[in-house]
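Coordinate analysis (summary)
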Amino acid sequence: MTARAADHAADRARYDRATAHLDAPLALVDLAAFDANADDLVRRAGGKPIRVASKSVRCRALLERVLAREGFAGIMSFTLAESLWLARSGFDDVLLAYPSADRAGFAELTADPRLAAAVTVMVDDPAQLRLIDEARADGAEEVRVCLELDTSFRPLGGKVRIGALRSPLHSPAQVAALARAITRRPGFRLVGVMAYEGHVAGVGDAVEGHAARSRAIRLMQAAARKELAERRARAITAVRAVAPDLEFVNGGGTGSVQHTAAERAVTEIAAGSGLFVPRLFDHYTSFNGRPAALFAQPVVRRPGPGTVTVLGGGYPASGVAGPDRSPVPYLPEGLRYDPQEGAGEVQTPLHGLAADDLRIGDKVWFRHAKAGELCERFDALLLVEGDRVTRSVPTYRGEGHTFL
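Below is a summary of the structure that appears in this document. (Residues numbered from 1 in each chain as written. Predicted model: local features only at pLDDT ≥ 70, side-chain atom pairs only at ≥ 80, totals over all residues. Heavy atoms only, no water.)

**Examining the packing of aromatic side chains**
Evaluated as defined, the whole model comprises twelve aromatic pairs. Taken together, a centroid distance of 6.1 Å and an interplanar angle of 55° make the contact between F34 and F276 tilted. Of this pair, F34 sits in helix α2 (residues 31-45) while F276 sits in helix α13 (residues 273-276), and the two are 242 residues apart along the sequence. Taking the relative accessible area as the measure of exposure, F34 reaches 0% and is therefore buried. Look at F276 and you get buried, because its relative accessible area is 1%. Aromatic side chains F295 and Y315 sit 5.0 Å apart centroid to centroid with 45° between the ring planes, which places their arrangement in the tilted category. Separated by 20 residues along the polypeptide, F295 in strand β10 (residues 293-304) and Y315 in the loop between β11 (307-311) and β12 (328-331) bring together distant segments of the chain. The exposure classification of F295 matches that of Y315, with both residues buried. Ring-pair connections join several aromatic residues into one group, and the members of that group are F78, W85, Y396 and F403. The ring of F78 has R58 lying over it, and the distance from NZ or CZ to the ring centre is 4.9 Å. Here the guanidinium or amino end of R136 rests over the ring plane of F188, the centre of that ring lying 5.2 Å away. (Phe/Tyr/Trp six-rings, centres within 6.5 Å; stacked < 30°, edge-to-face > 60°. Helix = DSSP H or I, 4+ residues; strand = E, 2+ residues; numbered from the N terminus. Buried < 20%, exposed > 50% of the residue type's maximum accessible area, 1.4 Å probe, protein only. Lys NZ or Arg CZ within 6 Å of the ring centre and 35° of its normal.)

**Considering empty space enclosed by the protein**
In the structure shown here, the tally under the stated rule is three cavities of 30 Å³ or more. The space that makes up the largest cavity amounts to roughly 50 Å³. Together, E148, L149, D150, T151, G163, A164, R166, Y196, G198 and H199 line the largest cavity. Considering only residue class, the lining of the largest cavity consists of three nonpolar, four polar and three charged. (1 Å grid on protein atoms, 1.4 Å probe; cavity = no way out; pocket = protein on both sides within 12 Å on 5 of 7 lines; lining within 4 Å. Points joined across faces, edges and corners; volume = space filled by probe spheres on them. Nonpolar A, V, L, I, M, F, W, Y, C, P; charged D, E, K, R; others polar.)

**Brief notes about the sheet that holds strand β7 (residues 188-195)**
With parallel pairing, eight strands are arranged side by side around a closed barrel as β2-β3-β4-β5-β6-β7-β8-β9. Across the sheet, the axes of successive neighbouring strands diverge by a mean angle of 30°, strand direction being ignored. As paired strands, β7 and strand β8 (residues 248-251) are joined by four bridges and run parallel to one another. Counterpart to M194 in the pairing with β8 is N250. Running at roughly 135° to strand β5 (residues 119-123), helix α7 (residues 126-135) makes contact with β5, β6 (143-148) and β7 of the sheet. (Pairing = 2+ DSSP bridges. Axes fitted to C-alpha atoms, helices over the stretch in contact; angles between N-to-C directions. Contact = heavy atoms within 4.5 Å.)

**Describing unusual backbone geometry**
Glycine aside, the phi torsion of most residues is negative, and most peptide linkages are trans. The peptide bond linking A24 to P25 adopts the cis configuration, its omega dihedral lying at 5°. The topology assignment puts P25 in the loop between α1 (3-18) and β1 (26-30). In this structure, the amide linkage connecting L331 to the following residue, P332, adopts the cis form with an omega of 0°. Along the polypeptide, P332 turns up in the loop between β12 and β13 (336-337). In the Ramachandran plot, R58 falls in the positive-phi region, its phi being about 50° despite a non-glycine side chain. Among the structural elements, R58 can be located in the loop between β2 (50-53) and α3 (60-67). The exposure class assigned to R58 is buried, which follows from its relative accessible area of 10%. Phi is positive for V277, which is not a glycine, with a value near 55°.

**Description of the pairing of strand β9 (residues 268-271)**
What you see with β9 is no split at all: E268 and A270 on one side and I269 and A271 on the other are buried throughout. Relative to β9, β2 runs parallel, the two sharing three bridges. Its bridge partner lying in β9, R51 is registered against A270. Strand direction decides the pairing type here: β8 and β9, joined by two bridges, are parallel. Directly across from G251, in β9, lies its bridge partner I269.

That is the geometry; function is a separate question.
Structural data, given as structure tokens:
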């Protein structure tokens, strides 16, 4: 048995012992792995604070845990309703990472000085400012605003675009123009700039079995990082000429922490998936995390030799549909999906030699493709230390919230 296989077998034994008194389906977070991943993010950030991406965690107790650690400061949220809820829950620095059209939420934000002081909203278009003003009702509180710079890489004179379709603000001049519009508009204060390089931070560059593709990705990412570092520096200089009291410049993501932190213009890093380390973050040369979040499904059938069937398990991740968006059978090792069925809504057949050692009622442990989306399927996360469940904490869903 290899050292890796021995470690996985030991982890499976621990998780089975910890949850022996509990029926699956269930989800857990291994706190030793979670904390080790947090430490690694801090190390890679090189002294710059990490803002935790809440969509990758979706559990208040774990947000509180990581923010209590040295090197973490603030939350990056994903909806305005979530931002307001977190602020009412005591989190005092919440950056909404996406523009919103939640008029009721903006009315609440602009009417409450405590919420207005805690929440920063994202804009990349003057129309978003107008929507906020129209939603104010009687609310007169100043709105904290962050601009988003488009990070897409556009080689060959812009004939090719690599990167997510996010902000329309690509050039320093475009960012500076909106910065001027914000500073001239009563009721708003420009406090930050964000630039998320998803084509670097969220794309693995060491895909197993695809050496040529991995080399091409690394070459692309190196060129993209260089171009973005230069353009981001110019953009921030242009914005600071308009808003000299800018509080933060946010960049990065789990896969690019150390590269983004090296840029002088960047003051803080965003990361979240690196705490749970889902399967999409297995293929990076820049870091190796420990899988911390797992879910278990019970064996309910044995259709034949080398096959078991577990209850449910069809929890696909968002993004372009494909095999990499499915959860992966993790423990015991050696299980694979049936190609005719895949991960099913109510049952999932699994093949492999390990199936013959599984009995009815045994647990099969899975890793989700993405991080926080796992929490949309479970009301609670079991926190495991060693081979004991030390606490059960609610997810957002367990607290009655599904923000998207």
